[in-house]
Amino acid sequence: MPAPVTGVLADLDRILLSTEQIQSRVAEMAATLNRHYANKTVSVLALMDGALFFVADLLRHLEVPVRLYTVSASSYHGGTASSGEVRMNWPAGLDFQGQDVLLLDDILDTGLTLGVLRDKIAAQQPASLRTGVLLAKKRERVRDVIVEDIGFEIEDEFVVGYGMDYQGRFRNLPCIGILNPA
Ligand code: IMP
Ligand code: MG
């Protein structure tokens, strides 16, 4: 008999991506970035809090010089659907002019968050701008946004784990799962 599922996993309907699947895809994404940024220094802008785990794992595979910056952005404000309004706290003095910028987030949903952030960075005239997400939902975007690196395309379902939360919980799951509707 399998051991009963307890703790935080008990709230999941099912596991969508295992720890092993995530880790091997993250390593592949890093290999692409190592080739792309060869002989360059990359300025990573990570969107907190969701991208925390993805960025921590991805950056450990990068072999090029990295500068890491973070910005908090949210469009959900606690629920399971985007509010349509993006709030962010851009650090005073953060300017990417002339830098090779890699914008990283956990998941592409409506496209609003990454659209707003890409505009903000582009206005600072970086040398280059590339965007990566671990997950992209197969759905119509409210806003079209260029994302060069996508880890996995997933169905339009609310996911948690590996940095992603529901009302502040589940970020610490090492896998990615679908919440139990109850
Ligand atoms: P967008 O602006 O609608 O593309 O939403 C992107 C942001 O919404 C991401 O940075 C996530 O923080 C959050 N988000 C979107 N979908 C999910 C989900 O299924 N689970 C948890 N967070 C999500
Ligand atoms: Mg987010």
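Residues numbered from 1 in each chain as written. Chains lettered and ligands numbered in written order. Predicted model: local features only at pLDDT ≥ 70, side-chain atom pairs only at ≥ 80, totals over all residues. Heavy atoms only, no water.

1. Examining the overall build of the protein
Turning to step 1, where the next piece is worked out: A tally of regular secondary structure across the protein gives three helices and nine strands.
Turning to step 2, where the next piece is worked out: Seen in sequence order, the protein has helices and strands lined up from the N terminus as β-α-β-α-β-β-β-α-β-β-β-β.
Turning to step 3, where the next piece is worked out: Its C-alpha radius of gyration of 17 Å places the protein within 12% of the 16 Å reference for a compact globule of 182 residues.
Turning to step 4, where the next piece is worked out: C-alpha atoms of the protein, sized along the principal axes, occupy 60 × 35 × 30 Å.
Turning to step 5, where the next piece is worked out: Counting the 182 residues in the protein, one finds 45% classified as buried.
Turning to step 6, where the next piece is worked out: Put simply, of all contacts in the protein between residues at least 6 apart along the chain, 68% involve residues at least 24 apart.
Turning to step 7, where the next piece is worked out: For the protein, the exposed area adds up to about 9200 Å²; of that, 49% sits on carbon and sulfur atoms.
Turning to step 8, where the next piece is worked out: Charged side chains in the protein number 17 positive and 23 negative. The centres of these two groups are separated by 3 Å. (Helix = DSSP H or I, 4+ residues; strand = E, 2+ residues; numbered from the N terminus. Rg over C-alpha atoms; globule rule 2.2 N^0.38 Å. Buried < 20%, exposed > 50% of the residue type's maximum accessible area, 1.4 Å probe, protein only. Contact = heavy atoms within 4.5 Å. Areas by Shrake-Rupley, 256 points an atom, 1.4 Å probe, with all protein chains shown as cover. Lys, Arg positive; Asp, Glu negative; His and termini not counted. Charge placed at Lys NZ, Arg CZ, Asp CG, Glu CD.)

2. Re the environment of Ser-74
Turning to step 1, where the next piece is worked out: Relative to the assigned elements, Ser-74 resides in strand β3 (residues 66-74).
Turning to step 2, where the next piece is worked out: Sequence separation between Ser-74 and Leu-114 is 40 residues; the distance between their C-alpha atoms is 10 Å.
Turning to step 3, where the next piece is worked out: The contact partners of Ser-74, leaving out residues within four places of it in the chain, are Glu-85, Val-86 and Arg-87.

3. Topic: the sheet that holds strand β8 (residues 159-160)
Turning to step 1, where the next piece is worked out: Pairing is antiparallel across the open sheet formed by three strands, whose spatial order is β1-β9-β8. Each edge of the sheet is formed by a strand with only one pairing partner; in this case those strands are β1 (12-17) and β8. (Pairing = 2+ DSSP bridges.)

4. Structural notes on the pairing of strand β9 (residues 176-179)
Turning to step 1, where the next piece is worked out: Two elements, β1 and β9, share four bridges in a ladder whose sense is antiparallel. When the bridges of β9 are listed, Arg-14 appears paired with Ile-178.
Turning to step 2, where the next piece is worked out: Where β8 lies against β9, two bridges are found, and the strand directions are antiparallel. The residue of β9 that forms the bridge with Val-159 is Ile-178.

5. Regarding empty space enclosed by the protein
Turning to step 1, where the next piece is worked out: This structure, assessed with the given rule, holds one cavity of 30 Å³ or more.
Turning to step 2, where the next piece is worked out: The calculated volume of the largest cavity comes to roughly 30 Å³.
Turning to step 3, where the next piece is worked out: Sorting the residues of the lining of the largest cavity by element identifies α1 (19-36), α2 (52-59) and β5 (100-108) as the ones contributing at least two each. (1 Å grid on protein atoms, 1.4 Å probe; cavity = no way out; pocket = protein on both sides within 12 Å on 5 of 7 lines; lining within 4 Å. Points joined across faces, edges and corners; volume = space filled by probe spheres on them.)

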